[in-house]
Amino acid sequence: DYEVVARNNNVAPSEATSCRMVMEANREDAQAAYDVAQKRFDMADDGAAMKWLEKSLRIYPLECAQELQSHLQQFGPGSVAANEVARVLDARDHWNVLGLPAGPPTPSQVKKILQGTSPRVASGPKPSTGGGGSI
């Protein structure tokens, strides 16, 4: 509580109340900036959404703003996931999607490419390969 912090720092109770009001105003301003960011995100304007999220987080660290920012950093423009999607969409044929030269590859080439591609594309825990548990 701000009053406890104020007493520990020898701040008058009126100053603690003022501090609490400022923090509440900051939270409201941060929420307003987050709301704009959410609207921009819904309109698929990720760049503007990120700017509004950064503003929101500079004002007050809202958990919802941190979660949306994390999502945009992981999947938004310039992320590894977005770059992989763009690479696949730009591919001319299925060999190019895998990063292989044109023509039928050898089994060892396919294995090598798949082992290198899987970690870049997969995001999340690896499925367990043992026991009777289901994935």
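Here the residue numbers are simple positions, counted from 1 along each chain's written sequence. Restriction of local features to residues with pLDDT of at least 70 applies here, the model being predicted, together with a cutoff of 80 or more for giving and counting side-chain atom pairs; totals for whole chains, interfaces and linings are based on all residues. Side-chain measures were taken over the full set of non-hydrogen atoms in the model, leaving aside hydrogen atoms and water.

## As for the overall build of the protein
Inference 1: What counts as a helix is a DSSP run of H or I of at least four residues, what counts as a strand is a run of E of at least two, and both are numbered from the N terminus. In terms of helices and strands, the protein carries seven helices and zero strands.
Inference 2: Looking at the 135 residues of the protein, the share that counts as buried comes to 17%.
Inference 3: Residues are treated as being in contact if the distance between any of their heavy atoms lies within 4.5 Å. The long-range fraction of contacts in the protein, counting pairs at least 24 apart against all pairs at least 6 apart in sequence, stands at 34%.
Inference 4: Only carbon and sulfur atoms are counted for the fraction: they give 56% of the accessible area of the protein, which is about 9,800 Å². Under the scheme applied here, a residue whose accessible area is under 20% of the maximum for its type counts as buried, over 50% as exposed, and between as partly exposed, the area being computed with a 1.4 Å probe on protein chains only. Each accessible area is a Shrake-Rupley result for a 1.4 Å probe, and residues are judged covered by the shown protein chains and nothing else.

## Here's the deal with helix 3 (residues 46–59)
Because an α-helix packs 3.6 residues into every turn, residues spaced three or four apart end up facing the same way.
Inference 1: Compared with an ideal rise of 1.5 Å per residue, which puts 14 residues at 20 Å, helix 3 spans 20 Å between its outermost C-alpha atoms and is within 8% of the ideal.
Inference 2: Buried within helix 3 we find Ala48, Ala49, Met50, Leu53 and Ser56. Take the number of residues in a helix, subtract one, and multiply by 1.5 Å to get its expected span.

## Points about the environment of Leu53
Inference 1: By the secondary structure assignment, Leu53 is in helix 3.
Inference 2: Remark: the alpha-carbon pair of Leu53 and Ala37, spanning 16 residues in sequence, is separated by 5.8 Å.
Inference 3: Apart from the residues within four sequence positions on either side, Leu53 is in contact with Tyr34, Ala37, Ala65, Leu68, Gln69 and Leu72.

## Here's the deal with unusual backbone geometry
Inference 1: Within the chain, Ala44 stands out as a residue other than glycine whose phi angle is a positive 65°.
Inference 2: Along the chain, Ala44 turns up in the loop between helix 2 (13–42) and helix 3.
Inference 3: Given a relative accessible area of 64%, Ala44 falls into the exposed group.

## Side note on the side chain of Ser56
Inference 1: Looking at the secondary structure, you find Ser56 in helix 3.
Inference 2: At 2.8 Å, the side chain of Ser56 and the backbone oxygen of Ala30 are in polar contact.
Inference 3: Among all residues touching Ser56, those that are not within four sequence positions of it are Ala30, Ala33, Tyr34, Leu62 and Ala65. A 3.5 Å cut-off defines polar contacts: any pair of N or O atoms within that distance qualifies, except that in protein one atom must be a possible hydrogen donor and the other a possible acceptor, and neighbouring residues in sequence count only when both atoms are side-chain atoms.

## A few points about the nonpolar core
Inference 1: Grouped together as the largest cluster of nonpolar side chains are ten residues: Ala30, Tyr34, Ala37, Ala49, Met50, Leu53, Leu62, Ala65, Leu68 and Leu72.
Inference 2: Breaking this core down by element, the ones donating at least two residues are helix 2, helix 3 and helix 4 (63–75).
Inference 3: Aside from chain neighbours lying at most four places away, what touches Ala30 is Ser56, Ile59, Tyr60 and Leu62. Residues enter a nonpolar core if they are buried and are Ala, Val, Leu, Ile, Met, Phe, Trp, Tyr or Cys, with the set joined through side-chain atoms within 4.5 Å.

Limitation: the analysis is restricted to geometry and does not speak to function.
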